[in-house]
Amino acid sequence: MNTLKQAKIGSTVHVVKLHGEGAVKRRIMDMGITRGVDIYVRKVAPLGDPIEVTVRGYELSLRKADAEMIEVE
């Protein structure tokens, strides 16, 4: 299982599944990250947190903990 946290800078990944439950999963979905969407990894901060991505045409910063809940291919 690959997660968004493991994706390389400059790569485009496809969301397969969202892990987590309740409010955390709902917050990720409210940001536009749903199954089937493509995510472009723009930047990763020097210590790895946060990760800056482009989803549905807008920039978004995610914590490592949230990125680990997003399974990609």
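Look up: the structure comes first, before these words.
Keep in mind it's a predicted model, so treat the numbers as computed, not measured. (Residues numbered from 1 in each chain as written. Predicted model: local features only at pLDDT ≥ 70, side-chain atom pairs only at ≥ 80, totals over all residues. Heavy atoms only, no water.)

Participant: Can you help me understand the pattern of salt bridges in this one?
Facilitator: If charged atoms from side chains of opposite charge come close, those side chains can pair. Summed over the entire model, instances satisfying the criterion amount to 7 salt bridges. The salt bridge partner of Glu52 is Arg42, with a shortest N-O separation of 3.0 Å. Here Arg42 lies in strand 3 (residues 38–44) and Glu52 lies in strand 4 (residues 51–55), a separation of 10 residues in the sequence. We classify Arg42 as partly exposed; its relative accessible area is 32%. Residues Arg42 and Glu59 are paired through a salt bridge, measuring 3.6 Å at the closest nitrogen-oxygen approach. Separated by 17 residues along the polypeptide, Arg42 in strand 3 and Glu59 in strand 5 (residues 58–62) bring together distant segments of the chain. (Salt bridge = Lys/Arg side-chain N within 4 Å of Asp/Glu carboxyl O. Helix = DSSP H or I, 4+ residues; strand = E, 2+ residues; numbered from the N terminus. Buried < 20%, exposed > 50% of the residue type's maximum accessible area, 1.4 Å probe, protein only.)

Participant: Hey, could you run me through the sheet that holds strand 4 in this one?
Facilitator: Either a parallel or an antiparallel arrangement is found when strands of a sheet pair, and the pairing is made through backbone hydrogen bonds. Judged by pairing direction, the sheet is antiparallel, and its 6 strands sit side by side in the order 1-6-2-3-4-5 without closing on themselves. Both edges of this open sheet fall to strand 1 (2–3) and strand 5, since each of them pairs with a single strand only. The pairing of strand 2 (residues 12–18) with strand 3 spans 3 bridges and is classified as antiparallel. Directly across from Thr12, in strand 3, lies its bridge partner Tyr40. (Pairing = 2+ DSSP bridges.)

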